[in-house]
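Structure assessment
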Amino acid sequence: MIPEIGHFALILALSLALCQGIIPLVGAHRNDAAMMAVGRTAANGQLFFVAFAFGCLVWAFVQSDFSVLYVANHSQLALPTIYKVSAVWGAHEGSLLMWILILAIWTVAVSYFSHNLPAVFSARVIGVLGLLSTGFLLFTLLTSNPFERLTPAPADGADLNPLLQDPGLAIHPPMLYTGYVGFSVAFAFAIAAMISGNLDRSWAKWTRPWTTVAWLFLTVGIALGSWWAYYELGRLVVLGSGRERLVHAVAGRHGADPFARGR
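Residues numbered from 1 in each chain as written. Predicted model: local features only at pLDDT ≥ 70, side-chain atom pairs only at ≥ 80, totals over all residues. Heavy atoms only, no water.

1. Digging into the overall build of the protein
- Along the protein, the regular secondary structure elements total eleven helices and zero strands.
- The proportion of buried residues among the 263 residues of the protein is 46%.
- A separation threshold of at least 6 residues defines the contact pool for the protein, and within that pool the share at least 24 residues apart is 76%.
- Surface exposure of the protein reaches about 13,100 Å², of which carbon and sulfur atoms provide 67%. (Helix = DSSP H or I, 4+ residues; strand = E, 2+ residues; numbered from the N terminus. Buried < 20%, exposed > 50% of the residue type's maximum accessible area, 1.4 Å probe, protein only. Contact = heavy atoms within 4.5 Å. Areas by Shrake-Rupley, 256 points an atom, 1.4 Å probe, with all protein chains shown as cover.)

Below is the structure:
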C-alpha cells in the first residue's frame, strides 16, 4: 500500500509541477500578480509530495519490501540499514527520484530568496523550473517508476552492488546531485532573461550566488567521489584473484579487459 501511495504522490507532484510551469509564465505575460503568485504555492506543494514519495521509497527499502521491483533488485535482508537507505539512490530509478527531490528543494529556495527580484522575472524563473520538474516527473512516471510491483515477491533481494556498499555512497551522490541540479537555477535565470528580452548584466548578477553555491556542492561531490573511487580501486592491490571481477564491475567488460589481463 505504501508504494502505491508514493506513486500517487508523484502524480500529484506532476500536477503541481504543471501548474508551476504554466500559470506563472502566463501571469508574467499578462502582468497578473495573482497568477504569478501561484508559482510559489505550487513549488511548495510539489516539494511536499516529492519528499513524501521519496520517504515511501526509503520505507520500502528499510522494510525490505521485495514486492517492489526496484527494492528486490538492489537490496537484501542482510544488508545493513545504512546501505538500505543509500541503496535508494544506488540505481537509475531511485537516483532519478532523488534528482527530482533536489530540484524541488532548489526551486523552493529560489522562491523564498527571490523576493528582491522583479515579480515578473521571478515568476518566469519559477515557471521554467516548474517545466524542468514536469519533464523529469513525466520521465519517471512513464519509463522509470521506482514503485513498480513485482509478482510474486521473492523471499530475498538480489543485493546492492558490492562496490556501492560503502559510506561514500551515502554522501557522494547527494552532494554531487545537489551541485548538478543547482545549475538548473542558472539555466532558469538565463531562459527568464531571454523571455524578458533584457539580456544585460542584471540576470547574471542575480544568478551568481546560486551558481556559487551549486559550484561548491559540485566541488565537494567530485572530491568525495574521487576519494571514493581511489579507495575502492586501491583495494585491487590486495584482492589477488578477485581483482578481475572487481575491475569488470568498475569499468565494464570490454573496457576492463586490458587491466584484467595485466595481472
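2. Thoughts on the packing of helix α2 (residues 33–62) against helix α5 (residues 92–112)
- Closest axis-to-axis distance for the α2/α5 pair is 9 Å, and the angle between their directions is 150 degrees. In terms of their interaxial angle, α2 and α5 are classed as roughly antiparallel. Two packed elements cross with a definite hand, and for α2 against α5 that hand is left-handed. Where α2 approaches α5, its residues Arg40, Ala43, Asn44, Gln46, Leu47, Val50, Ala51, Ala53, Phe54 and Leu57 are matched on the opposing element by Gly94, Leu97, Met98, Ile100, Leu101, Ala104, Ile105, Thr107, Val108, Ser111 and Tyr112. (Axes fitted to C-alpha atoms, helices over the stretch in contact; angles between N-to-C directions. Parallel < 35°, antiparallel > 145°, perpendicular 65-115°, else oblique. Left-handed = near helix turned anticlockwise from the far one by under 90°.)

3. Focus: a nonpolar patch on the surface
- Where nonpolar side chains cluster on the molecular surface, the patch consists of Met1, Ile5, Phe48 and Phe52 and spans about 430 Å² of accessible area.
- Positionally, Ile5 belongs in helix α1 (residues 2–30). (Patch = residues over 30% accessible without salt bridge, like charges linked within 9 Å, V, L, I, M, F, W, Y side chains within 5 Å. Salt bridge = Lys/Arg side-chain N within 4 Å of Asp/Glu carboxyl O.)

4. A look at the nonpolar core
- Core analysis: the largest hydrophobic core is formed by 57 residues, its most contacted members being Phe54, Val125 and Leu137.
- Mapped onto this core, the elements with two or more residues apiece are α1, α2, α3 (69–74), α5, α6 (119–143), α7 (167–196) and α8 (202–234).
- Dropping the residues within four chain positions of it, Val125 is found in contact with Val110, Ala188, Phe189 and Ala192. (Core = buried A, V, L, I, M, F, W, Y, C linked by side-chain atoms within 4.5 Å.)

5. With respect to the confidence of the model for the protein
- Across the protein, the average pLDDT comes to 85, with 88% of residues at 70 or higher.
- Considering only residues more than four positions removed or in separate chains, one finds that residues 236–263, a stretch of pLDDT under 50, has 22 contacts. (pLDDT = per-residue confidence, 0-100.)

6. Remarks on the packing of α1 against α6
- Axis separation between α1 and α6 bottoms out at 7 Å; the angle between their running directions is 150 degrees. Classed by the angle they form, the pair α1 and α6 counts as roughly antiparallel. When you trace α1 past α6, the crossing you get is left-handed.
- Residue composition of the contact of α1 with α6, by class: 17 nonpolar, nine polar and one charged. (Nonpolar A, V, L, I, M, F, W, Y, C, P; charged D, E, K, R; others polar.)

7. Quick notes on the environment of Phe217
- For Phe217, the position within the fold is in helix α8.
- The spatial distance from the C-alpha of Phe217 to the C-alpha of Pro174 is 9.2 Å, given a sequence separation of 43 residues.
- Ignoring sequence-local partners within four residues, the contact set of Phe217 consists of Met175, Thr178 and Gly179.

8. Side note on unusual backbone geometry
- Here Thr151 and Pro152 are connected by a cis peptide whose omega angle stands at -5 degrees.
- One non-glycine residue, Asn31, adopts positive backbone phi at about 60 degrees.
- Inspection of the secondary structure assignment puts Asn31 in the loop between α1 and α2.
- Relative accessible area serves as the criterion here: at 56%, Asn31 is assigned to the exposed category.
- Of note, the phi angle at Ser64 is positive, near 55 degrees, even though the residue is not glycine.
- With respect to the helices and strands, Ser64 occurs in the loop between α2 and α3.

9. Details of the packing of aromatic side chains
- Considering all chains together, one arrives at ten aromatic pairs under this definition.
- With 5.9 Å between their ring centres and 50 degrees between their planes, Trp99 and Phe136 make a pair best called tilted. In this pair, Trp99 is assigned in helix α5 and Phe136 in helix α6, connecting sequence segments 37 residues apart.
- The class for Trp99 is partly exposed, based on a relative accessible area of 23%.
- Pairing Trp99 with Tyr177 gives two aromatic rings, centres 5.3 Å apart and planes at 70 degrees, and the pair type is edge-to-face. Pair noted here: Trp99 is in helix α5 and Tyr177 is in helix α7, with a separation of 78 residues, a long-range link.
- A relative accessible area of 19% means that Tyr177 is categorised as buried.
- Following the ring pairs from residue to residue traces out a cluster consisting of Trp99, Phe136, Tyr177 and Tyr180. (Phe/Tyr/Trp six-rings, centres within 6.5 Å; stacked < 30°, edge-to-face > 60°.)

10. Some remarks on the side chain of Arg124
- Assignment of secondary structure puts Arg124 in helix α6.
- Judged by its relative accessible area of 13%, Arg124 falls in the buried class.
- If near-sequence neighbours (up to four positions away) are discounted, Arg124 is found in contact with Leu25, Ala28, His29, Ala192, Ile195 and Ser196.

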